[in-house]
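# Close look at the chain arrangement
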Amino acid sequence: MNDVMMQLSEAVSYIKSKTNATPKVGIVLGSGLGNLSQVIEVETEIEYGKIPHFPVSTVKGHGGKLFFGKLNGTHVLCMSGRFHFYEGYSAQQVIFPVRVMKMLGIETLLLSNAAGSVNPNYKVGDLMILNDHISFFTTNPLIGKNVEELGTRFPDMSEPYSKALIAKALEIGKANNIHLHEGVYTAVTGPTFETHAEYRLIKTIGSDVVGMSTVQECIAAVHCGMKVFAVSVVTDIGIREDDNVITHEEVLEAAKEAEPKLTLLFSELAKVIA
Ligand code: HPA
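What comes next is a walk through the structure.

Criteria and cut-off values
- Residues numbered from 1 in each chain as written.
- Predicted model: local features only at pLDDT ≥ 70, side-chain atom pairs only at ≥ 80, totals over all residues.
- Heavy atoms only, no water.
- Helix = DSSP H or I, 4+ residues; strand = E, 2+ residues; numbered from the N terminus.
- Rg over C-alpha atoms; globule rule 2.2 N^0.38 Å.
- Buried < 20%, exposed > 50% of the residue type's maximum accessible area, 1.4 Å probe, protein only.
- Contact = heavy atoms within 4.5 Å.
- Areas by Shrake-Rupley, 256 points an atom, 1.4 Å probe, with all protein chains shown as cover.
- Lys, Arg positive; Asp, Glu negative; His and termini not counted.
- Charge placed at Lys NZ, Arg CZ, Asp CG, Glu CD.
- Core = buried A, V, L, I, M, F, W, Y, C linked by side-chain atoms within 4.5 Å.
- Salt bridge = Lys/Arg side-chain N within 4 Å of Asp/Glu carboxyl O.
- Polar contact = N/O pair within 3.5 Å; in protein donor to acceptor, adjacent residues only side chain to side chain.

This paragraph deals with the overall build of the protein chain. Looking only at helices and strands, one finds seven helices and nine strands in the protein chain. Taken over the C-alpha trace, the protein chain has a radius of gyration of 17 Å; the compact-globule value for 274 residues is 19 Å, and the two agree within 12%. With respect to the three principal axes, the spread of C-alpha positions in the protein chain is 55 × 40 × 35 Å. Looking at the protein chain as a whole, 55% of its 274 residues are labelled buried. Summarising the internal contacts of the protein chain: among those between residues at least 6 apart in sequence, 82% fall at separations of at least 24. Summed over all atoms, the accessible surface of the protein chain reaches about 11,900 Å², with 52% contributed by carbon and sulfur. Between the mean site of the 23 positive side-chain charges and the mean site of the 30 negative ones, the protein chain shows a separation of 6 Å.

Below you can see the structure in the form of structure tokens.
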């Protein structure tokens, strides 16, 4: 067995020693969006620090636990707190939990994130469903020896985000009066927010929002055959007047305000998937 598979099986064995749950839906909560885990009827919670080879989250606004439980009646596995490349983890460490989820039987991954908008039609607090992404400003997490047990060397990325799940989410949005944009997310490493010129560039290449997460997880999930659905909460406006400064606190505050919409969307979506 190669090192990655060995580490994965040790992590999975530990988790399986704590729970018999077999959810099919996995959820990753973004910055300031951890409260969704409060809505879950938790059956088992496991601290990241206890799981062999699991990285530990270091950022304010991120928890550090795996929750097994029911969200609106559906069994889910929820990661409250994710790992970012800017924290100093390797891209392979960032995606380790996604691979653990796969090996635990998760088939569909719901991702959320906080993002800055470069689309003039978006406002702070809006939700945007990702229908595509641009990953060129980050490290591809599949660089290195391919883990054949998980997937192919050259994965197709023509549908990184499931069109069927997007269609379902749009129906849920309509039925619940939640306005949902659809657009392109560009991933950057952070931790700096972008300069004016960078936001302009990101807009010019065809993005609607920019953020520091999600895309590496999506790539890893697609590689191992999972379906992915992702939503950005717009927490700041990148293309803005000259003296507009962006802070992490402002991002967390905006995320918190938009969170009830995201919670509703994810819980309704989990119900129709499972
Ligand atoms: N840029 C990058 N990442 C972000 C932003 C942003 O403006 N807002 C929240 N995450």
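The next subject is the nonpolar core. With 77 residues, the main nonpolar core has Ile-27, Leu-66, Val-100 and Phe-229 as its most contacted residues. Looking at which element gives the most residues to this core, the answer is helix H7 (residues 248–273), with seven residues. Those residues in contact with Phe-229 that lie beyond four places of it in its chain are Leu-109, Leu-110, Leu-111, Ile-129, Leu-165, Ile-166, Ala-169, Leu-265, Phe-266 and Leu-269. Residues Ala-114, Val-188, Tyr-199 and Val-210 belong to the second largest nonpolar core, which totals nine residues.

Here the focus is the side chain of Asp-208. Of note, Asp-208 is situated in the loop between helix H5 (196–204) and strand E8 (209–211). Lys-203 provides the closest opposite charge to the buried, unpaired Asp-208, separated from it by 9.0 Å. Among the polar contacts listed, one links the side chain of Asp-208 to the side chain of Asn-119, at a separation of 2.9 Å. Not counting residues up to four positions away in its chain, the partners in contact with Asp-208 are Gly-116, Ser-117, Val-118, Asn-119, Tyr-122, Met-128, Gly-183 and Val-184.

Pairing between side chains becomes possible if they bear opposite charge and their charged atoms approach one another. Enumeration over the complete set of coordinates arrives at four salt bridges. The partner of Glu-45 in a salt bridge is Lys-65, with the nearest N and O atoms 2.8 Å apart. A residue pair is termed long-range when its members are at least 10 positions apart, and Glu-45 in strand E2 (residues 41–47) and Lys-65 in strand E3 (residues 65–71) qualify at 20 residues. By relative accessible area, which is 28% here, Lys-65 ends up partly exposed.

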